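Residue strings, one per chain:
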Amino acid sequence: MSEKYTASDIKVLKGLEGVRRRPAMYIGDIGKRGLHHLVFEIVDNAIDEALAGYCKNIFVTINDDGSVSVEDDGRGIPVDIHPELGIPAVEVVFTQLHAGGKFDSKVYQISGGLHGVGASVVNALSEWLVVEIRRDGKVYRLRFKKGEKVGEMEVEDTEEERTGTKVTFKPDPDVFKVTRFEFEILRDRLRELAFLIPGVRIVVEDRRSNRREEFHYEGGLKEFVRYLDEAREPIHDPFYMKAAKNGTEIEIALEYNTGFVETILSFANTINTHEGGTHLTGFKSALTKALNDYGKRTGLLKKYSLGGDDVREGLTAVIHVKLKDPQFEGQTKTKLGNGYVEGLVRSLFYERFMRFLEENPRVAQKIIEKATLAAKSREAARKARELTRRKSFLESDSLPGKLADCSSRDPSVSELFIVEGESAGGSAKQGRNREFQAILPLKGKILNVEKARLDKALSNEEIKTIISAIGSGLKEECDPAKARYHKIIIMTDADVDGSHIRTLLLTFFYRLMKPLIDAGFIYIAQPPLYRVQKGKKVWYLHSDEELEELLEELGEEKVTIQRYKGLGEMNPEQLWETTMDPERRVLKRVTLEDAAEADKLFSILMGDKVEPRRRFIQENAKKVVNLDV
Ligand code: 28F
């Protein structure tokens, strides 16, 4: 540190101290999400350099010591002395809050960055950080600790021509609750970025486990929809458009497949707008209108008019808008708010998609026939639902007969166990605490909702039972506030059948009651695999490793080991002790790290195509076994 502080030094310290005092204000949270966000902030700067047309390759590496390096082959951050601050430009970028090109639209036209806070925030929250710049045949190196510069900038001559920026940092354990980077989280987002920025090559590597993946897609969004639909059967070649008006750029790719699931991803300036927004609204209304207008004009549509849900059945689409002044709203700041975007997307997409329909009449016919079928079945489902609604309205008790409900009416303490098989269901009913635990036994496998349209799913007895027991409603109407239980626990055997039923149930919740997953209401019970007894002492163990460990400890002594093949082998008391008692059980909460990947995962696991599933299971044997998506 220098002896005397200048006014700008003080401002710097104040800024970065603020970041360390309130990290969540800058990166969202200090858990897993915020941790990985650090990497994406640095990657965003490299991406900006790629969007500006100067960088082709980006390398992201998790190093052996748990630090992360991000390297690009762009121009290298400038190192010349800043005229007012009297320090190298790169030092400004890493120490001044909000410094850099992001807020200076002259430097970069369009920029990503979820919060736009950049390199200085990452620096402030790192135990240490090193930035290396290659420019003009030299390497410049600057080191920091917790955001503060350590020593002066090093300069070395190199013989090399290459230019670029490399940033290596280790997150500060005093700030973050977790500091271990997960390859999968980095990989999934980097793949997404590579689809969004065609031509750029992104290499992600994990030195700890020797994993490496490379993403490079010349086809951009067109390739993105093909990737999302890998396990589905498309009914035509993708539609693609790119258009710009008044400085706003719109890019859309879509295709219809033979399935019934709607998959629409939307982005603004490369940011995944999970909560949608004006670009998505404009797209949806134009899609519905274009297909109705075309259908009526050509006579393909006579009796039926297509609804929004009808034209989105079996649709996979990606929308990317780039704009100068993005406004992000919503709970997680992932909803695009700029009002003018809605009309812009609506008119530009309508025009291009209409032209596509006119130029491809056979594809248009297929799409309209598919949507008409959807409209018809939706009408049938509506009638069927009305019937059941009326019935439940007339009957005072509409809960399914198979449900052994709990006596509490307070959802926040109530638990629903969905149990595989009648016999395990019986044990669970006897073993439970009936005050707050309800049991719903399932007879066999539930219907695969990935392959069935809603009306068919709703006529399935097991599915109807689950829906009415939970009481939260379905799809758009699904409201966690109406759920009768805040813990819905899937309890299946630890074998192949059990794992299949668990996947069917998770697919059901993901497709029809996703808000319950988002609310953190869905859990998986972890029944033990082994019971070990020595004299009067009993141990319940959940894995082979645990068993091995215990046996080593007991080594010579006489023990009896029982391996549970299914829940049915446990008596009610054992089931309570090991799997249901809140004091002793292990529950796994189902979370969705990445909705797009989860979407694809379910389509692979539950869809028609055998080859993607076989390959996936081979590559992810472990993930399928504990399917903690
Ligand atoms: C590993 C992370 O951060 N790459 C970057 C550049 C290039 C320029 C730049 C970045 C200038 C002074 C704001 C170079 N030459 N990768 C990166 N590559 N920033 S960040 O300029 C930033 C502005 O402060 C760059 C000419 N213009 C811009």
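**Q** I'm lost on the side chain of Glu49 in this one. Help?
**A** Relative to the helices and strands, Glu49 resides in helix α3 (residues 32-51). For Glu49, a relative accessible area of 7% corresponds to the buried category. Reaching out from Glu49, the side chain makes a polar contact with the side chain of Arg75 at a distance of 2.8 Å.

**Q** For this particular structure, what's the right way to read the pairing of strand β16 (residues 415-420)?
**A** Put simply, side chains in a regular strand alternate between the two faces of the sheet. Burial runs high along β16: 6 of the 6 residues are buried. Crossover connection from β16 via helix α12 (residues 422-431) to parallel strand β17 (residues 437-442): handedness right-handed. Where β16 lies against strand β18 (residues 487-491), 5 bridges are found, and the strand directions are parallel. Pairing of Leu416 across the sheet is with Ile488, part of β18.

**Q** Please explain the environment of Glu546 as it appears in this structure.
**A** In this structure, Glu546 sits in helix α17 (residues 544-554). Residue classification places Glu546 among the partly exposed residues on the basis of a relative accessible area of 33%. C-alpha separation for the pair Glu546 and Tyr530, spaced 16 residues apart in sequence, amounts to 9.3 Å. Sequence-distant contacts of Glu546, that is, excluding residues within four places in its chain, are made with Tyr540 and Leu541.

**Q** Explain the nonpolar core to me, please; I cannot follow it from the model alone.
**A** Across soluble globular proteins, nonpolar side chains have a tendency to be buried as a group. Formed by 64 residues in total, the largest nonpolar core has its most connected members in Phe94, Phe169 and Phe224. Considering every element that reaches this core, the biggest residue donor is α3, with 9 residues. Excluding residues that lie within four positions of it along the chain, Phe94 makes contacts with Leu16, Ile77, Ala119, Ser120, Asn123, Leu129, Val131, Phe144 and Val167. Residues Ile470, Ile501, Leu504 and Ile522 belong to the second largest nonpolar core, which totals 49 residues.

**Q** How do you make sense of the confidence of the model for the chain when you look at a structure like this?
**A** In low-pLDDT segments, the atomic positions of the prediction should not be examined closely. Per-residue confidence for the chain averages 89 on the pLDDT scale, and 91% of its residues sit at or above 70. Across residues 99-117, where pLDDT falls below 50, the model places 48 contacts with residues more than four positions away in sequence or in other chains. Counting contacts from residues 624-629, a segment whose pLDDT is below 50, to residues more than four positions away or on other chains yields 20 contacts.

**Q** Any chance you could explain helix α18 (residues 572-580) here in plain terms?
**A** Residues lying three or four places apart along an α-helix face the same way, a consequence of the helix completing one turn every 3.6 residues. Along α18, the residues that are buried comprise Gln574, Leu575, Thr578, Thr579 and Met580. Taken down its axis, α18 places every buried residue within 150° of arc, on the same side.

**Q** Please clarify how the side chain of Asp310 should be interpreted in this entry.
**A** Structurally, the position occupied by Asp310 is in helix α9 (residues 308-311). Among the polar contacts made by the side chain of Asp310, one reaches the main-chain amide nitrogen of Gly307 at a distance of 2.8 Å.

**Q** Quick question: what am I supposed to make of the site of the ligand here?
**A** In the vicinity of the ligand there are 17 residues, among which Asn45, Glu49, Val70, Asp72 and Arg75 approach most closely. Arg135 is positioned with one of its side-chain polar atoms (N or O) 3.5 Å from a nitrogen atom of the ligand. In isolation the ligand exposes 600 Å². Once the protein is present, 82% of that is buried. Partitioned by chemical class, the residues of the shell around the ligand number 8 nonpolar, 5 polar and 4 charged.

So, how was this worked out
Residues numbered from 1 in each chain as written. Predicted model: local features only at pLDDT ≥ 70, side-chain atom pairs only at ≥ 80, totals over all residues. Heavy atoms only, no water. Helix = DSSP H or I, 4+ residues; strand = E, 2+ residues; numbered from the N terminus. Buried < 20%, exposed > 50% of the residue type's maximum accessible area, 1.4 Å probe, protein only. Polar contact = N/O pair within 3.5 Å; in protein donor to acceptor, adjacent residues only side chain to side chain. Right-handed = clockwise from strand over helix to strand, strands pointing away. Pairing = 2+ DSSP bridges. Contact = heavy atoms within 4.5 Å. Core = buried A, V, L, I, M, F, W, Y, C linked by side-chain atoms within 4.5 Å. pLDDT = per-residue confidence, 0-100. Arc of directions from axis to C-beta. Near = heavy atom within 4 Å. Areas by Shrake-Rupley, 256 points an atom, 1.4 Å probe, with all protein chains shown as cover. Nonpolar A, V, L, I, M, F, W, Y, C, P; charged D, E, K, R; others polar.

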